[in-house]
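Given next are the chains, with one letter for each unit.
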Amino acid sequence: MERKKTYIEDIDRGIYDIKNEFTYKYKADKGLTPEIVKEISKEKNEPKWMTDFRLKSLEIYNSMPIPTWGPDLSDLNIEDIVTYIRPDAEMKHSWDDVPEEIKKTFELLGLPQAERESLAGVGAQYDSEVVYHNIRKELVDQGVVYMDMETALIEYEDIVREYFMTLVPPTAHKFAALHGAVWSGGSFVYVPEGVDVDIPLQSYFRLNAPGAGQFEHTLIIVEKGSRLHFIEGCSAPKYKVNNLHAGCVELFVKENATLRYSTIENWSKNMYNLNTKRAVVDKNGTIEWVSGSFGSKVSMLYPMSILKGEGARSEFTGITFASQGQHLDTGTKVVHAAPYTTSTVNSKSISKDGGYAFYRGLLKVAPNAYGCKSTVSCESLMLDNKSKSDTLPIIELNNDNIDIGHEAKIGRISDEAIFYLMSRGISEEEAKAMIVRGFVEPITKELPLEYAVELNNLINIELEGTIG
Amino acid sequence: MARELLNIKGLKVNIDDKEILKGLDLNINKGEIHIIMGPNGSGKSTLAYTLMGHPKYEITDGTIEFDGELINEMKADERAKKGIFLSFQYPEEIPGVTVEDFLRTAKTSVTGKMQGIMAFKKLLKEKMDLLEMKEEYASRYLNLGFSGGEKKKNEILQMSILEPKLAILDETDSGLDVDAIRIVAEGVKRIKDESRSILVITHYNKLLDYLEPDYIHILLDGKIVKTGGMELAKEIDEEGYENIKLRYSHI
């Protein structure tokens, strides 16, 4: 019988690995100095307060130590990372005007098609700058704003100034400070009171340049009683040098508003993904995080929900897939800061071929947050003996009038389950893939359709040829 | 056409270096029903798992021929494709995989033919009706939250969909009430025909009243010590395994 090779060194990631020739209009020098930061700010024609903010962030960055907990970051040398690369393209509102090479990349990633079929607005960032942004007219007519952060800084300066890096201050940690100093690109969304945006908006972040960093900033404000679904996609082709992603996402969910924030990151395995995401939720508002982490060499990603108003809710659904050479340290943080707030955490991870999936979570309940409810469930599945998995759910309760449920399971794929499926004529590979697909099914059904398909394909690709 | 379907000669099987089957012989012809009875620990389930090809069960000696082919080294999925089916004593729960998707994949695999979604739905419904299973089971996750009886019925459902040449039923009657036993037995009888055979492995004789076995074998300490007809089941029923052991274990 023909057998596939027993081991795949590096899977074919198809479209994700297509590299474009590296052309750019402006590229900052490697490393980080006040001069580089000033240059970036000047290049962008920013108001002085932003230039000052950047320089202050740089000071904080220089004064803070590299985190010593979690994955090993000693291989990441910021002196080797180019922090700012302006692609050779102006921002456009029609795909026809986007340079052919860049347009082709996004076409392969399926973005223009998705825009035609299932999205109300699209943003596309290539390296440091947004190259395309568009939103349906009926949303504009309702007062919805969806644009790149640079334009927002000019057109909605007051709002940006009021919210920008207030939820994730540069003092949060070293990479938040770095972000504050060199941020570029990203999306700004403002949904006015009482508007139901029933079709999702999507921003796609593509890092093409080798040895570069991507530091996009996403700021979303959903006013009272409004509703929004925002999708974020990320990918990069693989290079031999390290790349860095230190984006920042700040979400403001007002009274009775609902925001669903879905992310699929499929960075290449030379990427350090050190991303910071936070949401603050007012009275009876809801934040829903859907998070898929498949790529990168190292990830440290813990989307945080601060339930500030009475009756606020958060829901976190996450899937992490760590394969060879990957250390993915992911999880979520929830702070119950008001009474009758509720949170649900449902996290699953898969590790294989020596991959390391670590769940790190925090659940904190403030003294005044009585009557709140929380359910945390994290499950890990290891596909072989080389792979590792851990869970570290930290729970900090400061009052006892609460209802907390917690469940953590770590297991290996069961030989008995594989045998059971094989006894029905299903091959060992397919049996494993079936069990893994079943394991992630509760998550898959939360993902936007094209990403659910992508996850299933990834599982099939990763499980092919794993059997000797 | 050869009548012989399964031919086991001098089969010795180890689990974790401990010998469980110690030279077992068994012949099953097409269209026959065989029952193997034996006390706990005699090697009944070991025989079932070995026939299905579980990798933990190591054949140290002897041969298993199925449909004229030596299958000692064959993997479980290849055996299933050749027409062997095992109804498990404790079926596995597979979260996230529905009964319908699973069975359609299995049927495609066993037959080598794509199963159209609508046609398969119809087939599944038909078979489920016969087993008095509610339609909702098709969209439930495989065995997850099923009662003991539901799991056993689900095994018989899989058997009736996959239509094996040899169905091995490992303690399928345990944990079933009278009605469920009748339904399961009818399901088993429906699949049995001139070319298909049944091997029932059991501690008790509950299924015996419904099936008409051609042979009953007594398994003691890894060997078949006695083969006969219905009178053997009666002997066990009346005298218990302790006395049976005294009578036959010298063989």
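Placed above this text is the structure.
Residues numbered from 1 in each chain as written. Chains lettered and ligands numbered in written order. Predicted model: local features only at pLDDT ≥ 70, side-chain atom pairs only at ≥ 80, totals over all residues.

Peer 1: What is the right way to read the packing of helix H4 (residues 117–130) of chain B against helix H5 (residues 148–162) of chain B from this model?
Peer 2: For any two helices packed against each other, one specifies the crossing angle of their axes together with the interaxial distance. Residues and elements named next belong to chain B. Relative to each other, H4 and H5 sit at 130°, their axes nearing to 10 Å. For the element pair H4 / H5, the angle class is oblique. Note that H4 runs across H5; the crossing there is right-handed. Listed contacts from H5 to Leu123, Leu124, Lys127 and Met128 of H4 are Leu157, Ser160 and Ile161. Tallied by class, residues from the contact of H4 with H5 come to five nonpolar, one polar and one charged. (Axes fitted to C-alpha atoms, helices over the stretch in contact; angles between N-to-C directions. Helix = DSSP H or I, 4+ residues; strand = E, 2+ residues; numbered from the N terminus. Parallel < 35°, antiparallel > 145°, perpendicular 65-115°, else oblique. Left-handed = near helix turned anticlockwise from the far one by under 90°. Contact = placed C-beta atoms within 7 Å. Nonpolar A, V, L, I, M, F, W, Y, C, P; charged D, E, K, R; others polar.)

Peer 1: How do you make sense of helix H3 (residues 100–108) of chain A when you look at a structure like this?
Peer 2: The α-helix winds at 3.6 residues per turn, so residues separated by three or four positions along the chain end up facing the same way. All names here are of chain A. Along H3, the positions that sit buried rather than exposed are Ile102, Lys103, Thr105 and Phe106. Seen along its axis, H3 keeps its buried residues to an arc of 155°; they face one direction. Facing away from the buried side of H3 by over 90 degrees, the exposed positions are Glu100 and Leu108. On the buried face of H3, the contacting elements are strand S2 (85–87), helix H4 (111–118), strand S3 (121–126), strand S4 (129–135) and strand S7 (201–206). Directly beyond the C-terminal end of H3, a positive phi value near 85° is found at Gly110. (Buried ≥ 20, exposed ≤ 12 C-beta atoms within 10 Å, placed from the backbone. Arc of directions from axis to C-beta.)

Peer 1: Just to check I follow, could you spell out the sheet that holds strand S19 (residues 313–322) of chain A for this structure?
Peer 2: Two strands in a sheet stick together by hydrogen bonds in their backbones, pointing the same way (parallel) or opposite ways (antiparallel). All names here are of chain A. With respect to topology, 10 strands assemble into an open sheet ordered S4-S3-S7-S10-S13-S16-S19-S22-S24-S26, the strand pairing being mixed. The open sheet terminates on both sides in strands that have one partner only, identified here as S4 and strand S26 (402–412). With direction set aside, neighbouring strand axes in the sheet form an average angle of 5°. Pairing geometry for S3 and S7, over six bridges, is parallel. In the strand pairing of S7, Val122 is matched with Gln202. (Pairing = 2+ DSSP bridges.)

Peer 1: Help me out: how do you make sense of the interface of chain A and chain B in this one?
Peer 2: Size of an interface, as often reported, equals the accessible area lost when the parts are brought together. Counting residues at the interface gives 18 residues for chain A, matched by 21 residues for chain B. Elements represented by at least two residues in the side of chain A that touches chain B include exactly helix H9 (415–422) and helix H10 (428–444) of chain A. With eight residues, H10(A) is the single largest residue contributor to the side of chain A that touches chain B. Here the side of chain A that touches chain B is built from residues that sort into nine nonpolar, four polar and five charged.

Peer 1: Is there a simple way to explain the sheet that holds strand S11 (residues 215–220) of chain B in this structure?
Peer 2: All names here are of chain B. Across the sheet, which stays open at both edges, the six strands sit in the order S6-S9-S10-S3-S11-S12 with mixed pairing between neighbours. The sheet is open, and its two borders are formed by strand S6 (84–87) and strand S12 (223–228), each paired with just one other strand. Shown here is a sheet whose adjacent strand axes are inclined to one another by a mean of 20°, direction ignored. Running at roughly 165° to S6, H5 makes contact with S6 and strand S9 (166–170) of the sheet.

From the geometry alone we can't say anything about function, so treat these as descriptive.
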